[in-house]
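So the chains spell out like this:
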Amino acid sequence: MTEKEKFFGRFPSPRLLFLRSVCYNIRTMKKFLTDLHTHSRFSFDGETELDKMCAAAYQKGAAFYGVSEHLDYDLIERGAYEMINADEYFHAARHLQEDYAGAMNLLIGVEFGFSDEPSIAEKYCGFYEKYRPDYVINSVHTLKGEDYYNQTPYFKKSGDRGEKSKAQAYREYFESVRASLDAPYPYDIVGHIGYCTRYAPYEDRAATLAEFQSEIDGILKRIIELEKILELNSSNKGGVSPFLPSREILERYFALGGRKVSFGSDAHYVSRVMDKWEEAIALLKEIGFTYLTVPCRGEHIEVEI
Ligand SMILES: [Zn+2]
Ligand SMILES: [Zn+2]
């Protein structure tokens with residue numbers, strides 16, 4: 001039995017997990033590695049089988065590993081991709097959770113793609129009730145059902161398909177993020193703020209505080225008020241900053257009193273699991289954060305960094 005295994009029993013309650021994580025830190029002076037945003041082949045764009053993703057996380061020393069398969073009802077309704085086989089996913093994932101008990105805390109989550117359509121929000125509520133994921137990431141991937149990945153939200157619908165100005169396109173994105181915070185379904189983590197910068201067609205793709213202070217402040221204050229967790233996402237896909245959100249936005253969140261942050265690699269294949277962990281933690285510490293927050297079944301576990 002390894003040292004870590006002594007501290008985790010069968011999958012325990014979040015409170016017990018927290019106590020054990022503190023004991024582990026004190027006894028070993030080691031920090032816990034966490035990665036709460038990952039996808040396997042249960043997601044339409046995942047490349048690796050779930051068990052292989054979990055094995056990679058375990059090998060890399062993760063103490064908390066969260067799987068957050070995609071569910072974007074607006075895109076599914078438009079036929080952009082097929083509905084996840086949720087029965088199979090939760091069945092397989094809960095078995096793996098049992099298998100890893102005592103060695104790694106495997107958390108079974110989901111990433112909901114926000115839509116302002118009330119009928120879609122209802123579907124998320126129904127999904128949550130049925131499957132009871134350990135945690136939920138709430139992310140904005142679309143604008144009016146159009147995926148940022150396809151760049152459609154940056155273009156005017158009518159006429160010559162000219163680009164919207166950056167100010168207009170980003171403002172619409174931030175409005176959507178702000179609306180997503182008041183979604184009627186339970187969620188824990190606010191996913192990759194600044195996603196609009198990843199695929200934008202502009203020469204200068206940055207979304208700075210100087211340009212969008214009131215929109216960004218509105219979002220950050222609401223996250224703090226609702227006691228949600230702001231995600232630090234290490235997948236930038238050639239974006240303007242190595243992380244989403246940018247350092248500037250993280251600093252602003254901290255200055256406004258925000259302390260709840262999570263780390264997510266957004267890995268879709270094995271080699272990206274825990275990617276840029278060291279860099280991310282160094283950045284968070286420089287800003288002043290002292291712990292990561294791991295949500296599990298409605299409770300928040302603080303993991304020292
Ligand atoms: Zn996402
Ligand atoms: Zn994702």
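Shown above is the structure to which this text applies.
Owing to the predicted nature of the structure, the values given are computational and were not obtained by experimental measurement. (Residues numbered from 1 in each chain as written. Chains lettered and ligands numbered in written order. Predicted model: local features only at pLDDT ≥ 70, side-chain atom pairs only at ≥ 80, totals over all residues.)

(A) Summary view of the overall build of the chain. Looking only at helices and strands, one finds 10 helices and 11 strands in the chain. Burial status across the chain gives 43% buried among its 305 residues. The contacts in the chain between residues at least 6 apart in sequence include a share of 78% that link residues at least 24 apart. (Helix = DSSP H or I, 4+ residues; strand = E, 2+ residues; numbered from the N terminus. Buried ≥ 20, exposed ≤ 12 C-beta atoms within 10 Å, placed from the backbone. Contact = placed C-beta atoms within 7 Å.)

(B) Region of interest: helix H8 (residues 209-226). If you check H8, its first and last C-alpha atoms are just 22 Å apart, much less than what 18 residues at 1.5 Å a residue would give, namely 26 Å. The largest bend in H8 comes to about 45 degrees, at Glu-215. Among the residues of H8, Phe-212, Ile-216, Ile-219, Leu-220 and Ile-223 are the ones counted as buried. On its buried face, H8 is in contact with helix H7 (166-180), strand S7 (189-190), strand S8 (229-233) and helix H9 (247-255). Following H8 by one or two positions, Glu-227 has its phi on the positive side, about 60 degrees. (Expected span 1.5 Å × (residues − 1). Bend = angle between axes of the 7 residues up to and from the residue.)

(C) Region of interest: the nonpolar core. With 74 residues, the main nonpolar core has Ala-57, Ala-62, Phe-64, Tyr-65, Leu-107 and Cys-196 as its most contacted residues. Look past the residues within four positions of Leu-107 in its chain and what remains in contact with it is Leu-36, Phe-64, Tyr-65, Gly-66, Asp-134, Tyr-135 and Cys-296. (Core = buried A, V, L, I, M, F, W, Y, C linked by C-beta atoms within 7 Å.)

(D) Region of the structure containing helix H3 (residues 50-59). Of the positions making up H3, those classed as buried are Leu-50, Met-53, Cys-54, Ala-56 and Ala-57. The buried residues of H3 occupy an angular sector of 160 degrees when projected down its axis, which confines them to one face. The inward-facing, buried residues of H3 abut strand S1 (33-35), strand S2 (62-71), helix H5 (86-100) and strand S3 (105-113). Of the residues one or two after H3, Gly-61 is the one with positive phi, at around 90 degrees. (Arc of directions from axis to C-beta.)

(E) Representation of the environment of Ala-183 in the model. The topology assignment puts Ala-183 in the loop between H7 and S7. For Ala-183, a count of 18 C-beta atoms within 10 Å translates into the label partly exposed. Once residues lying within four places of it in the same chain are set aside, the contact partners of Ala-183 are Phe-114, Ala-121 and Asn-138.

(F) How the structure looks around the packing of H3 against H5. Contact geometry of H3 with H5 gives a least axis separation of 11 Å together with a crossing angle of 30 degrees. Comparing the axis directions of H3 and H5 gives the class roughly parallel. As H3 runs across H5, the sense of the crossing is right-handed. Where H3 abuts H5, its residues Leu-50, Asp-51, Cys-54 and Tyr-58 lie against Ala-92, Ala-93, Leu-96 and Tyr-100. Considered class by class, the residues forming the contact of H3 with H5 number 7 nonpolar, no polar and 1 charged. (Axes fitted to C-alpha atoms, helices over the stretch in contact; angles between N-to-C directions. Parallel < 35°, antiparallel > 145°, perpendicular 65-115°, else oblique. Left-handed = near helix turned anticlockwise from the far one by under 90°. Nonpolar A, V, L, I, M, F, W, Y, C, P; charged D, E, K, R; others polar.)

(G) Structural context of unusual backbone geometry. Omega for the peptide link from Leu-244 to Pro-245 comes to -5 degrees, which places this bond in the cis form. Positive phi outside glycine occurs at Glu-227, with the angle close to 60 degrees. Residue position: Glu-227 is located in the loop between H8 and S8. Classification of Glu-227 by C-beta neighbours within 10 Å gives exposed; the count is 12.

(H) Spatial organisation of the pairing of strand S4 (residues 135-139). Buried residues dominate S4, accounting for 5 of its 5 residues. Every second residue of S4 is oriented toward a common face, with Tyr-135, Ile-137 and Ser-139 on one face and Val-136 and Asn-138 on the other, all of them buried. Sheet analysis places S3 next to S4, joined by 5 bridges and oriented parallel. Each bridged residue has a counterpart across the sheet, and for Phe-112 the counterpart in S4 is Asn-138. By the bridge criterion, 2 bridges tie S4 to S7 in an arrangement that is parallel. Across the sheet, residue Ile-137 finds its bridge partner in S7, namely Ile-189. (Pairing = 2+ DSSP bridges.)

(I) Representation of the sheet that holds S1 in the model. Read from one edge to the other, the open sheet built from 7 strands follows the order S1-S2-S3-S4-S7-S8-S9, with strand pairing classed as parallel. Either end of the sheet is taken by a strand with one partner, and the two such strands are S1 and strand S9 (261-264).

(J) Looking closely at the packing of H7 against H8. Relative to each other, H7 and H8 sit at 10 degrees, their axes nearing to 10 Å. Overall, the two elements H7 and H8 adopt an arrangement that is roughly parallel. Here Ala-167, Tyr-170, Arg-171, Phe-174, Val-177 and Arg-178 of H7 come into contact with H8, specifically with Glu-211, Phe-212, Glu-215, Ile-216, Gly-218, Ile-219 and Arg-222.

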